[in-house]
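The primary structure of each chain is shown beneath.
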Amino acid sequence: KTEAIIQLLEKGRNLICLRPPRWGKSLTFNILANYRDKSTTETRFEELFGNLAIFPTEKHGEVCRRFYVMKFDLTIEVGSCNVDEIRRRLFDEINMVVKRFVRRYHLSDVKINDDNGLASLKSAALVLKRADPHAELFILVDEYDRFSNELMALPDSSRSEAVVADSDQQTG
């Protein structure tokens, strides 16, 4: 079944995977992260993929082990949180991923902004581009639907507050 990974990678640069819960999205994302991550050693890569259809051939060898990978998991509980706490939890997740990214790829000078995870993400991207002008970043966002589904399940007044606060921040 791993040949489906190659088919997925051939579909395009920006993909969204919409599947119901328990359909293997997280497993697929973990496979993709290891397959595309330039930090996956040759030995580890062969251990993971050596006997599978996904193992690189001349045709598909260019899509593996060439990307800097960031993998986000948006399993963020929002039910009893106010808008500021939701934003805090989201920024904490982003910052955790950025810190892991910095360690994995030995990047220095990345500024972690505890108050704004998006600023940390931008800093990491800029530092990466300076360190490797030909860098390609592969971003995986797992459980994106859980976060948005929990927001949608909030009472109308709370949901409206979250949407208005978010659009105020973007335009302000």
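These remarks concern the structure in this document. Keep in mind that what you see is a predicted model, and the values were worked out from it rather than measured.

**Some words on the side chain of D142**
Working step 1: Along the polypeptide, D142 turns up in strand β2 (residues 137–142).
Working step 2: Here D142 occupies a buried position and makes no salt bridge, while the nearest side chain of opposite charge, K71, is found at 4.1 Å.
Working step 3: Within the structure, D142 has its side chain in polar contact with the side chain of S26 (distance 2.5 Å).
Working step 4: Those residues within four positions of D142 in sequence are excluded, and the remaining contacts are K25, S26, F29, K71, F72, D73 and L74.

**Quick word on unusual backbone geometry**
Working step 1: One non-glycine residue, H106, lies in positive phi territory at about 55 degrees.
Working step 2: Tracing the backbone through its elements, the reader meets H106 in the loop between α4 (83–104) and α5 (117–131).
Working step 3: Among the residues examined, H106 registers a relative accessible area of 72% and is labelled exposed.
Working step 4: Of note, D109 is a non-glycine position whose phi angle comes to about 70 degrees, a positive value.
Working step 5: One can find D109 in the loop between α4 and α5.
Working step 6: On the basis of relative accessible area, D109 is assigned to the exposed category, the value being 59%.

**Describing the pairing of β2**
Two faces, one strand: in a regular strand the side chains alternate between the faces of the sheet.
Working step 1: Every second residue of β2 is oriented toward a common face, the buried set being F138, L140 and D142 and the non-buried set L137, I139 and V141.
Working step 2: Relative to β2, strand β1 (residues 68–73) is paired through six bridges, and the arrangement is parallel. Pairing of Y68 across the sheet is with L137, part of β2.

Rules of the game
- Residues numbered from 1 in each chain as written.
- Predicted model: local features only at pLDDT ≥ 70, side-chain atom pairs only at ≥ 80, totals over all residues.
- Heavy atoms only, no water.
- Helix = DSSP H or I, 4+ residues; strand = E, 2+ residues; numbered from the N terminus.
- Buried < 20%, exposed > 50% of the residue type's maximum accessible area, 1.4 Å probe, protein only.
- Lys, Arg positive; Asp, Glu negative; His and termini not counted.
- Salt bridge = Lys/Arg side-chain N within 4 Å of Asp/Glu carboxyl O.
- Polar contact = N/O pair within 3.5 Å; in protein donor to acceptor, adjacent residues only side chain to side chain.
- Contact = heavy atoms within 4.5 Å.
- Pairing = 2+ DSSP bridges.

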